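# A look at the structure
The lines below spell out each chain.
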Amino acid sequence: MNLNIVTAASNSVGKSILKKIGNSQDITLGLSRRWCDIANVLNVQLIDLTDEEEVKKTLMTVLGSIDSNSIDTIRIFHNCCYAVAEVPDLDVNHPLLQQEPKLIDKLILQDNDGDGIDDRAYHSLLTTFDNVFTTVQYHYPNKKISVGTICSLIDKKKYIPTIFQSMVRSNKMLRGKIESLAMSNANIQAVCISASTVKTGTETNFRKFCKEQQYRTSWDTIADVLVSEMKEHKNLYKDIDVYTFNPRYNEYYKNETDEQMTERLKWEIGLI
């Protein structure tokens, strides 16, 4: 029997994963601040996955009710993230931001600890993972554990894009963390999906002037690859590129500079 745990279970990718793995033979937990009603899924609503004590208390209660002898493999599908587009020298008086003031929060760095990474981007990706994984590993120290996560193809550029520096730096830290876990623990498997922009409603509304929306990757495709790669436990780290082929990529985006990317994304958001 598998014990499946999906973080950010109520978003598009999370729900797609749950629909593919939920079955009556396994135990599947969906962790989210919002309810998601999916067959064969036990929803555990956590107030805040970044709250270590809350996560530990809630998960330990649930895991304590499960017969550990019946569990063969624990699969953690880590799906949490928070995207921030850090626009340099943002004009908060821009007409778009006057009409949609909530956009400002997604365009300005919030860095209270001074590490240069947006606190929301860091904690939503890394702190949530640490809290869930540490609790699971403590409860099941000798079980096989598979970890799957979703990062970005942008992480593989030769430079760290100014507008996505918090996302990329956080992603690189998570990649390094799960690779190290797999390399130093014989019972751990780690899979990282390097994805192109995912076709979600949030992304469509945010970058509504993007001309390349037909080349965004569906959440079902992301979920399919992640579930397939984690079907059989192997003690290794694997990175898989997942994208929708764009015939314009080599001409327009492959060698795009940091300045060009910044200007393009400002246009796609509606700031230019």
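Residues numbered from 1 in each chain as written. Predicted model: local features only at pLDDT ≥ 70, side-chain atom pairs only at ≥ 80, totals over all residues. Heavy atoms only, no water.

## Overview of the sheet that holds strand β3 (residues 42-45)
The line we're drawing: In this analysis, strands are considered paired if DSSP registers two or more bridges between them. Helix and strand assignments follow DSSP, with helices taken as H or I runs no shorter than four residues and strands as E runs no shorter than two, numbered in order from the N terminus. To obtain each axis, a line is fitted to C-alpha atoms, and for helices this fit is confined to the stretch in contact; angles are then taken between N-to-C directions over 0 to 180 degrees. We call two residues contacting when some pair of their heavy atoms lies within 4.5 Å.
Strand order in this open sheet of 7 strands is β3-β2-β1-β4-β5-β6-β7, and the pairing throughout is parallel. Lying at the two open borders of the sheet, with one neighbouring strand each, are β3 and β7 (237-242). Each neighbouring strand pair of the sheet contributes to a mean axis angle of 15 degrees, computed without reference to strand direction. Pairing of strand β2 (residues 27-32) with β3, which is carried by 4 bridges, proceeds in the parallel orientation. Pairing of L29 across the sheet is with L42, part of β3. This element, helix α1 (residues 12-21), spans β1 (2-7), β2, β4 (73-78) and β5 (144-152) of the sheet and lies at about 165 degrees to β1.

## Digging into the pattern of salt bridges
Selection rule: Put simply, a salt bridge is a Lys or Arg side-chain nitrogen that is within 4 Å of an Asp or Glu carboxyl oxygen. Burial status follows relative accessibility: with a 1.4 Å probe on protein chains alone, a residue under 20% of its type maximum counts as buried, one over 50% as exposed, and anything between as partly exposed.
Considering all chains together, one arrives at 17 salt bridges under this definition. In this structure, D224 engages K20 in a salt bridge whose closest nitrogen and oxygen atoms are separated by 2.8 Å. On the criterion of sequence distance, the pair formed by D224 in helix α8 (residues 219-229) and K20 in helix α1 is long-range, its members being 204 residues apart. Looking at D224, the relative accessible area reads 42%, which means it is partly exposed. We classify K20 as partly exposed; its relative accessible area is 34%. Here D241 ties to K156 by a salt bridge, and the two come within 2.5 Å at their closest N and O atoms. Of the two residues, D241 sits in strand β7 while K156 sits in the loop between β5 and α6 (165-184), which places them 85 residues apart along the sequence. Judged by its relative accessible area of 40%, D241 falls in the partly exposed class. For K156, a relative accessible area of 44% translates into the label partly exposed.

These figures come from the coordinates and say nothing about function on their own.
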